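# Report on the structure
Take a look at the letters that make up each chain.
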Amino acid sequence: MGILEKTYSKRINTKFSGIFYRETTTNDKIDKTFYIRYKDENNKDKEIKVGKYSEGYREAYCNQLRNEIITKQRTGEEPPSIAQKKKKNILSIQTIADEYFNLRENGKSKITDKSHFNNHLLPFFKNLDFESITKDEIQKFTTLLRNTKSISKKELLADKSINNILNFLKALIKYAFKNDYIKNDFSKYIKLLDIDNARERFLTQNEIKILFENSKNDETLFLLFNLALKTGGRLETLLNIQKKDIDFTHNLLTLKDFKNNSTYKAFLTVDLKALLEKRVVDLKMNDKLFISNPQRRLRKVLDELFNDGIDFTDRKNKVVFHSLRHTFASHLAIIGTPIFTIQKLMNHKDIKMTLRYAKLAPDSGKVFVEQLPF
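Residues numbered from 1 in each chain as written. Predicted model: local features only at pLDDT ≥ 70, side-chain atom pairs only at ≥ 80, totals over all residues. Heavy atoms only, no water.

### A few points about the packing of aromatic side chains
The description of two aromatic rings rests on the distance between their centres and on the angle between their planes. The test is simple: Centres within 6.5 Å make a pair out of two Phe, Tyr or Trp rings, where for Trp the six-membered ring is used; the pair is then stacked when the planes are under 30 degrees apart, edge-to-face when over 60, and tilted otherwise. We count a stretch as a helix when DSSP gives it H or I for four or more residues in a row; a strand needs E for two or more, and each element gets its number in order from the N terminus. Using a 1.4 Å probe on the protein chains alone, a residue whose accessible area is under 20% of its type maximum counts as buried, one over 50% counts as exposed, and one in between counts as partly exposed. By the criterion adopted, a ring carries a charge over it if an Arg CZ or a Lys NZ lies within 6 Å of its centre and within 35 degrees of its normal.
For the structure shown, the criterion picks out 14 aromatic pairs. Relative to Tyr-175, the ring of Tyr-100 lies with its centre 5.6 Å away and its plane at 75°, an arrangement referred to as edge-to-face. Within this pair, whereas Tyr-100 is found in helix α3 (residues 93-103), its partner Tyr-175 is found in helix α6 (residues 159-178), the two being separated by 75 residues in sequence. Judged by relative accessible area, which is 14%, Tyr-100 ranks as buried. Ring pairs connect the aromatic residues Tyr-100, Phe-101, Phe-117, Phe-168 and Tyr-175, which therefore count as one cluster. Over the ring of Tyr-53 we find Arg-58, and its NZ or CZ is 3.5 Å from the ring centre.

### A short note on the environment of Ile-208
Counted only if it meets this: The contact rule is simple, with two residues in contact once any of their heavy atoms fall within 4.5 Å.
You can see Ile-208 is positioned in helix α7 (residues 205-215). The class of Ile-208 is buried, set by a relative accessible area of 16%. Considered as a pair, Ile-208 and Phe-225 are 17 residues apart in the sequence and their alpha carbons are 9.3 Å apart. Excluding residues that lie within four positions of it along the chain, Ile-208 makes contacts with Leu-203, Leu-229, Thr-327 and His-331.

### Some details on the pairing of strand β6 (residues 252-257)
The condition is simple: For two strands to pair, DSSP has to find at least two bridges joining them.
Two strands pair when backbone bridges link them, and strand β5 (residues 246-247) and β6 are joined in this way by two bridges, in the antiparallel orientation. Across the sheet, the residue bridging to Asp-247 is Leu-252, located in β6. Two elements, β6 and strand β7 (residues 262-267), share six bridges in a ladder whose sense is antiparallel. By the bridge assignment for β7, Leu-255 is matched with Tyr-264. Between β6 and β7, which pair antiparallel and follow one another directly, the connecting turn spans four residues, one of which, Asn-261, has a positive phi of 55°.

Shown next, in the form of structure tokens:
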């Protein structure tokens, strides 16, 4: 018996430009027939039937085919990446990444992932067939990352950074699998590193006095240290404060949380308000408090005061600028601030992030342990 096919006229667009399908039935089963639409050399609409879903055709393949046609039409020859793929029958990681990034919204996370791709993934996987990556190659890549130094800090990549890179590789693999570029989801071979590097170090009241004393002659650093310790804001958040974000009437400060893509309010203490009033005297409403990032100077002060003799890889005990945010939350817990209030002040999306400070609260159970009769 022959194949019975019925095609419906309605055209349904896909997520790819110029790619659509018409609903069909093949042997009484729901099917799709894919088409490509583009302008030819005479700027006339051209429509080509590619094939049916039941025959193995998918949107991603149609998009790739359309791009090849348009590129060849424009340049007269195959693009190098496509020509190489055809010649060697290799699916390049660059092909997958280009399409993946094209569909993602712009933002900080996209920029970070592009950096991970260009600096780590592409150099390793460039000449490998992405369709047949092996477990051994994944393990070699992970080992390479553990022996790679970061570009900015000239130190070995932190375990968290390695996991971020591996998670992005997972995302690429799953995208390729979902869109039928590859037949097997080999992201199962990726093993993330076990991390126990939650920062436990926070400054004591005496150490805070020492920090203020040693930075009081540098207006910028002194203000940043005060902002961090009295609002809990991350460095990126503080560096993006504008004059218009400060409400001196109600003693409030609007902070931008770039990690959670939100804004929240912080309260101004008397001392912090005085510092800010002095800082904004000559600023316009849209001007930022800080015109540059003094990260190196901040690190130098913290290293000299608190990190003498501490291994630079000891994330749990090394004092960095983020430790000041941890200090803010820790001292709130110590004085008995309700955990949900701390969550609000820290702008934590997940209460689990805040609960790690609960052990510092005065009602955490210490008083009862001390009263044990033995």
